[in-house]
Amino acid sequence: MAKVVVVFHSGYGHTKKQAEAVAAGAAATKGAAAEVLAVNAEGELPEGGWYKLAAADAIIFGSPTYMGTVSWQFKKFADASSKPWFSQAWKDKIAAAFTNSASMNGDKLSTLHYLFTLAMQHSMIWIGTGVMPANGKAAQRNDINYLASFSGAMAQSPSDASPEEGPLPGDLETAKLFGQRVAAYAVKTRG
Ligand SMILES: Cc1cc2nc3c(=O)[nH]c(=O)nc-3n(C[C@H](O)[C@H](O)[C@H](O)COP(=O)(O)O)c2cc1C
């Protein structure tokens, strides 16, 4: 089985929904096993988290976009990953990333760029969404990849939406397909 780990932070539960959708997509992929690892409010992984990351074939990073980048809790985790970085322990693992924020744009690409840089510092292999954007006249808000990101999965949760209301359904479906894509590649190359 190819192992996919989704490591994410969520301050208020919206990005958690996106993380769960990514993991559900990965878990639905034949030959792949997926699990989520939540970075907590102090920026710490749960017990055994670092071992799970060490054993993963693919690591999918996720954070809300706060002030145009990852949350401080995610950054604390990223800085703590300097320990495996020293020995390049994650070298050649598959990497991918997602983010959620309140605005349609909201500088989400800046967050994905940061996560790409993190993955490159670890010498990982980056996977994007591989999904065409819904950008024609007939496009609807809940179409797949309405937010039109190739670099990683994006989701939008309106600022007054509860986690049950946002991210919007199309963005959660986009997240699911993204998890499937990363897992399928992990199975193909490592399974
Ligand atoms: C400190 C802070 C900074 C934020 N910065 C941005 C931002 O730069 N762009 C944006 O679109 N939304 C921004 N938001 C809104 C969040 O991205 C949005 O509420 C998101 O759904 C929160 O996800 P979470 O529930 O997983 O924490 C910010 C929210 C907070 C609390």
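## Some remarks on the site of the ligand
Then step 1. Neighbouring the ligand are 17 residues, the closest being S10, H14, T15, Y66 and M67.
Then step 2. S10 places a side-chain nitrogen or oxygen 2.6 Å from an oxygen atom of the ligand.
Then step 3. Structurally, the ligand is housed in the largest pocket.
Then step 4. Among the secondary structure elements, those contributing two or more residues to the shell around the ligand are helix 1 (14-27) and strand 4 (94-101).
Then step 5. Its residues placed into classes, the shell around the ligand shows five nonpolar, twelve polar and no charged.

## Topic: the layout of surface pockets
The gaps of empty space that remain are located by a probe, the size of a water molecule, rolled over the atoms.
Then step 1. Taken as a whole, the largest pocket holds about 250 Å³ of empty space.
Then step 2. Surrounding the largest pocket, 19 residues form its lining, T65, Y66, N100, S101 and A102 being those nearest its centre.
Then step 3. At the level of secondary structure, the elements contributing two or more residues to the lining of the largest pocket comprise helix 1 and strand 4.
Then step 4. Reported here for the second largest pocket is a volume of approximately 160 Å³.
Then step 5. Secondary structure elements with two or more residues in the lining of the second largest pocket: helix 2 (49-55) and helix 4 (82-86).

## Concerning a nonpolar patch on the surface
Then step 1. A cluster of nonpolar side chains, contributed by Y12, Y66 and M67, occupies part of the molecular surface with about 450 Å² of accessible area.
Then step 2. Along the chain, M67 falls in the loop between strand 3 (58-64) and helix 3 (72-80).

## Side note on the side chain of Q156
Then step 1. In this structure, Q156 sits in strand 6 (residues 153-156).
Then step 2. Given the relative accessible area of 9%, Q156 is considered buried.
Then step 3. Separated by 2.9 Å, the side chains of Q156 and R141 make a polar contact.
Then step 4. Setting aside anything within four residues of it in sequence, one finds Q156 in contact with N100, S101, A102, S103, M104, K108, R141, L147, P167, L168 and D171.

## Looking at the packing of aromatic side chains
Both the distance between ring centres and the angle between the ring planes are used here to describe each pair of aromatic rings.
Then step 1. A full pass over the atoms with the stated rule returns seven aromatic pairs.
Then step 2. Centroid distance W50 to F77: 5.3 Å. Interplanar angle 25°. Geometry classified as stacked. Taken as a pair, W50 in helix 2 and F77 in helix 3 lie far apart in primary sequence, 27 residues in all.
Then step 3. The exposure class of W50 is partly exposed, given its relative accessible area of 32%.

## Quick word on the pairing of strand 1 (residues 2-9)
Then step 1. Of all eight residues in strand 1, seven are buried; the element is thus mostly enclosed.
Then step 2. The pairing of strand 1 with strand 2 (residues 32-39) spans eight bridges and is classified as parallel. Counterpart to K3 in the pairing with strand 2 is A33.
Then step 3. Between the parallel elements strand 1 and strand 2, the chain passes through helix 1 in a crossover that is right-handed.
Then step 4. Direction of pairing for strand 1 relative to strand 3: parallel, over a ladder of five bridges. For V5, the partnering residue across the bridge sits in strand 3 and is I59.

What counts and what doesn't
Residues numbered from 1 in each chain as written. Predicted model: local features only at pLDDT ≥ 70, side-chain atom pairs only at ≥ 80, totals over all residues. Heavy atoms only, no water. Near = heavy atom within 4 Å. Polar contact = N/O pair within 3.5 Å; in protein donor to acceptor, adjacent residues only side chain to side chain. 1 Å grid on protein atoms, 1.4 Å probe; cavity = no way out; pocket = protein on both sides within 12 Å on 5 of 7 lines; lining within 4 Å. Sits in = over half its atoms within 2 Å of the grid points. Helix = DSSP H or I, 4+ residues; strand = E, 2+ residues; numbered from the N terminus. Nonpolar A, V, L, I, M, F, W, Y, C, P; charged D, E, K, R; others polar. Points joined across faces, edges and corners; volume = space filled by probe spheres on them. Patch = residues over 30% accessible without salt bridge, like charges linked within 9 Å, V, L, I, M, F, W, Y side chains within 5 Å. Areas by Shrake-Rupley, 256 points an atom, 1.4 Å probe, with all protein chains shown as cover. Salt bridge = Lys/Arg side-chain N within 4 Å of Asp/Glu carboxyl O. Buried < 20%, exposed > 50% of the residue type's maximum accessible area, 1.4 Å probe, protein only. Contact = heavy atoms within 4.5 Å. Phe/Tyr/Trp six-rings, centres within 6.5 Å; stacked < 30°, edge-to-face > 60°. Pairing = 2+ DSSP bridges. Right-handed = clockwise from strand over helix to strand, strands pointing away.

Without other data, these values stay purely geometric and don't point to any function.
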